[in-house]
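# Analysis of the macromolecular model
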Amino acid sequence: MKKCSGRIQTAILSAAMCMALAGSMTAGAAESSVKDEDSVKTQASGTEAAAPSEEVTLNFWHHYSAQSPENETLMNDLIPKFEKENPGITVNAVSHEWADLHDKILISAQSDTLPDVARLDSAWVPEFQKMGILVPLNQEMSDFSDVSGGLLESAMTTAQIGGDSYALALNTNTKILYYNVQGLKDAGVDVPKTMDEFAEACRKLSGTNKNGQQVWGYDEPGLSGWNLCPFIWSMGGAITNEDQTKATGYLNGEKTVAAIQMFADLAKEGAITGWNSGDIPMTDGFGTGRYMMLLEGPWKVSELAGAYPDLEYAVAPVPAGEGGSVSVLGGEDIGMFKSAHKDAAWKFMKFMTSEYAQEAMAKCGQIPCNKEALESDTVKKADFAPYIEQLKTAKSRPTVASWSEIDSKLSEAVTGVVNGDTTAQDAMDQLAAEVDELLEEE
């Protein structure tokens, strides 16, 4: 009887334990269900979720110079504000030199040690996209359209590849016409508004000054896409078709060839210079009255103020042609790598492109991409204010992975034309065929 009683007690105890465990599991499931329901309600209402249970450290690589006002703003204002607004997320920002950052990303991609987020030169995005290391934001971020809609459309094209967007526009720039006020006045030349007027102004402004020194109507320090695209596009030409899959018929089209020929003719007449070894550097040539006009970005304002504070100059839009007044887009994007802590990384990207962050960087001379920041008094009073209108029509260079190679070939081909080694049509015909081959490999 005792043995029988012991077995019964054991059975009763086991049953009780099972019932308790079952009750605990049921309560846990109910609690989990409530939490899930609350989570759905929170998401539906748009309320920010609570701080993450796990601490997240975001690695952010950039090329703001370590001693620059931009880096000081990033480290002392923006990151502290972001971390305060997003408890549980810490941002580890690392500054690299521009070229070093590019190479560091390439090396890190091979060893799976990429950062979460990086500030990328817009020209790098196609290359990294082809490597398969960038997140297609429009596919993975549910509010991408809302975020991107608040940014400058032209700047956003720098990260659009094959119908997807691989970064957000962070800051932008372009080029406009600088001219020597007294030089144009002395020569009786009006500020050129069209490409025909520009070519004629170059001729009239060239010659010798009162000291017997040669003067050129226009200075162009290079013959790459950054230098040539404003002329090609404004004159109605193109580098490729809209799909960026073909160059023949575009790069060697009549209007593109005409733009290259204009450069060659003006160079032969001694009206333009700048790309040759030994030519006067741009800032010095313009500051001393040896170059009468140039196309440059907003950084030229501070350069001239520092080196030639008494120079009287003014700015104007890129002279218009059949294609309008079209300049070239520069600037940086902020992108996310596929190995990132994606939720936290996206929050940081949205913050860095927000009105607050963009206006803070505008105070350091960075042209915002956020539309609301562009309307701020900070921007309207900035040295770069004259660039804002030009940005509305500026275009991105082809967003293809082979652009660096294409650009190098373009520079080489056009140099041959301006040096008289070949005709513009022959050079562009050959180049278009070579570019077609590169585009087929995309």
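Residues numbered from 1 in each chain as written. Predicted model: local features only at pLDDT ≥ 70, side-chain atom pairs only at ≥ 80, totals over all residues. Heavy atoms only, no water.

### Brief notes about the overall build of the chain
Rule in force here: Only DSSP runs of H or I reaching four residues or more are called helices, and only runs of E reaching two or more are called strands; each is numbered from the N terminus. Here, two residues are considered to be in contact whenever any of their heavy atoms come within 4.5 Å of each other.
Helices and strands together make up the secondary structure of the chain, namely 20 helices and 15 strands. Contacts in the chain between residues at least 24 apart in sequence constitute 74% of all its contacts with a sequence separation of at least 6.

### Digging into the layout of surface pockets
To be explicit about the condition: With a 1 Å grid spanning the protein atoms alone, the term cavity applies to any set of points in which a 1.4 Å probe fits but cannot get out, the term pocket to an open set with protein on both sides within 12 Å along at least five of seven lines, and the term lining residue to any residue with an atom within 4 Å of a point. Grid points are joined across faces, edges and corners, and a volume is the space filled by probe spheres set on the points. Classification convention: Asp, Glu, Lys, Arg as charged; Ala, Val, Leu, Ile, Met, Phe, Trp, Tyr, Cys, Pro as nonpolar; all other residues, Gly among them, as polar.
Volume-wise, the second largest pocket comes out at about 710 Å³. Put simply, the parts of the chain that give the lining of the second largest pocket at least two residues each are α4 (125-130) and β4 (160-161). With three residues, the single largest contributor to the lining of the second largest pocket is α4. When the residues that make up the lining of the second largest pocket are grouped by side-chain class, the tally is 12 nonpolar, 12 polar and six charged.

### Digging into empty space enclosed by the protein
Summed over all chains, the structure comprises two cavities of 30 Å³ or more. Estimated volume of the largest cavity: approximately 100 Å³. In terms of lining, the largest cavity is formed by S122, A123, P126, T158, L329, S396, R397, P398, T399, V400 and W403. Its residues placed into classes, the lining of the largest cavity shows six nonpolar, four polar and one charged.

### Side note on the pairing of strand β2 (residues 89-95)
Note the following rule: For two strands to be treated as a pair, DSSP must find at least two bridges joining them. Call a crossover right-handed when, viewed with both strands pointing away from you, the route from the first strand across the helix to the second goes clockwise.
Here strand β1 (residues 56-62) pairs with β2 via seven bridges, running parallel. Residue pairing across strands places N59 opposite N92, the latter belonging to β2. The parallel pair β1 and β2 is bridged by helix α2 (residues 69-85), and the resulting crossover is right-handed.

### Digging into the nonpolar core
Selection criterion: Here the nonpolar core consists of buried residues drawn from Ala, Val, Leu, Ile, Met, Phe, Trp, Tyr and Cys, with membership extended through side-chain atoms lying within 4.5 Å. Think of it in three bands: with a 1.4 Å probe and only protein chains considered, a residue is buried below 20% of the maximum accessible area for its type, exposed above 50%, and partly exposed in between.
Grouped together as the largest cluster of nonpolar side chains are 57 residues, with contacts concentrated most on L137, L168, I334, M336, W346, F348 and M352. In terms of residue count, helix α14 (residues 342-352) provides more of this core than any other element does, seven residues in total. Ignoring any residue separated from it by four or fewer positions in sequence, one finds I334 in contact with F60, V117, A118, A167, L168, L170, F348, M349, M352 and T353. In this structure, L184, I239, L251 and L439 belong to the second largest nonpolar core, which totals 56 residues.

### Section: helix α3 (residues 98-111)
Keep this limit in mind: Each helix should span, by expectation, one fewer than its residue count multiplied by 1.5 Å. This arc is taken over the directions from the axis of the helix to the C-beta atoms.
The end-to-end C-alpha distance of α3 is 21 Å, a good match for the 20 Å that 14 residues give at a rise of 1.5 Å each. For α3, the full list of buried residues reads L101, H102, I105, S108 and A109. Considered in projection along α3, the buried side chains sweep an arc of 135 degrees and stay on one side of the axis. Summarising the geometry of α3, the exposed residues directed more than 90 degrees from the buried face are I107 and Q110. Buried positions along α3 lie against β1, β3 (117-121) and α4. Two residues or fewer past α3, D112 is found with a positive phi of approximately 55 degrees.

### Focus on the pattern of salt bridges
We apply this condition: One side-chain nitrogen of Lys or Arg within 4 Å of one carboxyl oxygen of Asp or Glu is enough to make a salt bridge.
Tallied over the full model, the rule gives 12 salt bridges. Salt-bridge contacts for R119 lead to E332; the nearest nitrogen and oxygen are separated by 3.1 Å. In this pair, R119 is assigned in strand β3 and E332 in strand β14 (residues 330-336), connecting sequence segments 213 residues apart. A single burial state applies to R119 and to E332, both of which are buried. The residue R203 makes a salt bridge to E200 at a minimum N-O spacing of 3.9 Å. One end of the pair is R203 and the other is E200, both in helix α9 (residues 195-205) and three residues apart, which spans about a single turn. Put simply, E200, R203 and E269 are held in one network by salt bridges that share partners.

### Some words on the packing of α2 against helix α15 (residues 355-362)
The following threshold applies: All axes are obtained by fitting lines to C-alpha atoms, using only the stretch in contact for helices, and the reported angles, taken between N-to-C directions, cover 0 to 180 degrees. By definition in this entry, angles of less than 35 degrees are roughly parallel, angles greater than 145 are roughly antiparallel, angles of 65 to 115 are roughly perpendicular, and the rest are oblique. For a crossing to be left-handed, the near helix must be turned anticlockwise from the far one by less than a right angle; the clockwise case is right-handed.
Their axes nearest at 10 Å, the elements α2 and α15 cross at an angle of 160 degrees. Of the possible angle classes, the one that applies to α2 and α15 is roughly antiparallel. The interaxial crossing formed by α2 with α15 has right-handed handedness. Residues E70, T73, L74, D77, L78 and K81 of α2 form the contact with α15, whose own contacting residues are Y356, A357, A360 and M361. Here the residues of the contact of α2 with α15 sort into six nonpolar, one polar and three charged.

### Description of helix α10 (residues 225-234)
Of all 10 residues in α10, 10 are buried; the element is thus mostly enclosed. Among the residues trailing α10, G236 stands out with phi positive, at a value near 95 degrees.

### Quick look at the packing of aromatic side chains
The following threshold applies: Pairs were defined over the aromatic rings of Phe, Tyr and Trp, the Trp ring being its six-membered one, requiring ring centres within 6.5 Å. Orientation was assigned from the angle between planes: stacked under 30 degrees, edge-to-face over 60, tilted for the rest.
Overall, the coordinates contain 15 aromatic pairs when judged by the stated rule. Between Y178 and Y313, the ring centres sit 5.5 Å apart and the planes meet at 20 degrees, which makes this aromatic pair stacked. Of this pair, Y178 sits in strand β7 (residues 176-180) while Y313 sits in strand β13 (residues 313-316), and the two are 135 residues apart along the sequence. Owing to a relative accessible area of 0%, Y178 belongs among the buried residues under this scheme.

### Let's talk about the sheet that holds strand β6 (residues 168-173)
The six strands are arranged β2-β1-β3-β14-β6-β15 in an open sheet whose pairing can be described as mixed. Two strands close off the open sheet at either side, each with one partner strand: β2 and β15 (367-368). With two bridges joining them, β1 and β3 adopt parallel strand pairing. Bridge assignment links W61 to a residue of β3, and that residue is A118. The strands touched by α3 are β1 and β3; relative to β1, the strand with the most contacts, the crossing angle is about 130 degrees.

### Structural notes on unusual backbone geometry
Even without a glycine there, the phi angle at D112 is positive, about 55 degrees. By the element assignment, D112 lies in the loop between α3 and β3. Since its relative accessible area comes to 72%, D112 is described here as exposed. The residue Q244 is not glycine, and still its phi comes out positive at about 60 degrees.

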